[in-house]
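Below, each chain spelled out in residue letters.
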Amino acid sequence: PFVITDACIDVKDRGCLDACPVDCIYEGGRTLYIHPDECIDCGLCETVCPVAAIHADDRLPEELTMWVEVNRAYFGPE
Ligand code: SF4
């Protein structure tokens, strides 16, 4: 799945919410989160994010890999 990372914090542009065809992006406190089990890997959210906060989980820079777990944890235990 795609994941939202730290660049979204306190930005929450929300353009991705309109772009996502399966509505799997949710608004949290200071950032937005992608539900990892609902994301269909279309990549549209990545193209519209004005701060480049969204990346495919398998293409994350090392310093952002923690965000895979942050996004999943937002939706609770599996
Ligand atoms: Fe939604 Fe597609 Fe982004 Fe996944 S990759 S969160 S399905 S817009």
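Because the structure is predicted, anything quoted here is derived from the model rather than measured. (Residues numbered from 1 in each chain as written. Predicted model: local features only at pLDDT ≥ 70, side-chain atom pairs only at ≥ 80, totals over all residues. Heavy atoms only, no water.)

K.L.:
So what exactly am I meant to see when it comes to the packing of aromatic side chains here?
P.N.:
The geometry of two aromatic rings is summed up by the distance between their centres and the angle between their planes. Applying the stated criterion across every chain yields a total of 3 aromatic pairs. Relative to Tyr74, the ring of Tyr33 has its centre 4.0 Å away and its plane inclined at 5 degrees; by these criteria the two rings are stacked. One end of the pair, Tyr33, is in strand E3 (residues 32-34); the other, Tyr74, is in helix H3 (residues 66-74), and 41 residues separate them in sequence. Where Tyr74 meets Phe75, the ring centres are 5.1 Å apart and the plane angle is 85 degrees; that geometry is what we call edge-to-face. A relative accessible area of 38% places Tyr74 in the partly exposed class. According to the relative accessible area criterion, Phe75 is partly exposed, its value standing at 25%. Members of the aromatic cluster, joined through ring pairs, are Tyr26, Tyr33, Tyr74 and Phe75. (Phe/Tyr/Trp six-rings, centres within 6.5 Å; stacked < 30°, edge-to-face > 60°. Helix = DSSP H or I, 4+ residues; strand = E, 2+ residues; numbered from the N terminus. Buried < 20%, exposed > 50% of the residue type's maximum accessible area, 1.4 Å probe, protein only.)

K.L.:
What am I meant to see in the environment of Leu17 here?
P.N.:
Along the chain, Leu17 falls in helix H1 (residues 15-19). Residue contacts for Leu17: discarding those within four places in its chain leaves Asp23, Ile25 and Tyr26. (Contact = heavy atoms within 4.5 Å.)

K.L.:
I'm lost on the site of the ligand in this one. Help?
P.N.:
Around the ligand, the surrounding shell holds 13 residues, and the nearest of these are Cys20, Cys39, Cys42, Gly43 and Cys45. Looking at the shell around the ligand residue by residue, the classes come out as 11 nonpolar, 1 polar and 1 charged. (Near = heavy atom within 4 Å. Nonpolar A, V, L, I, M, F, W, Y, C, P; charged D, E, K, R; others polar.)

K.L.:
In this structure, what is going on with the side chain of Lys12? I would like to understand it.
P.N.:
Looking at the secondary structure, you find Lys12 in the loop between strand E1 (2-4) and H1. A relative accessible area of 13% means that Lys12 is categorised as buried. Here the side chain of Lys12 touches Gly28 through a polar contact of 3.3 Å, landing on its backbone oxygen. (Polar contact = N/O pair within 3.5 Å; in protein donor to acceptor, adjacent residues only side chain to side chain.)

K.L.:
Is there a simple way to explain the environment of Glu38 in this structure?
P.N.:
Structurally, Glu38 is set in the loop between E3 and helix H2 (44-48). When the C-alpha atoms of Glu38 and Arg72 are compared, they prove to be 11 Å apart, with 34 residues separating the residues in sequence. Dropping the residues within four chain positions of it, Glu38 is found in contact with Val22, Asp23, Cys24 and Tyr26. Of note is the side chain of Glu38, whose polar atom sits 2.7 Å from the side chain of Tyr26.

K.L.:
It is not clear to me how the nonpolar core should be interpreted in this structure. Could you clarify?
P.N.:
Here is a general trend for soluble globular proteins: nonpolar side chains tend to be buried in one another's company. Grouped together as the largest cluster of nonpolar side chains are 15 residues, with contacts concentrated most on Phe2, Ile4, Ile25, Ile34, Cys45 and Ile54. Put simply, the parts of the chain that give this core at least two residues each are E1, E3 and strand E4 (54-56). Ignoring any residue separated from it by four or fewer positions in sequence, one finds Ile25 in contact with Ile4, Cys16, Leu17, Cys20, Leu32, Tyr33, Ile34 and Cys45. (Core = buried A, V, L, I, M, F, W, Y, C linked by side-chain atoms within 4.5 Å.)

Geometric values such as these leave the question of function open.
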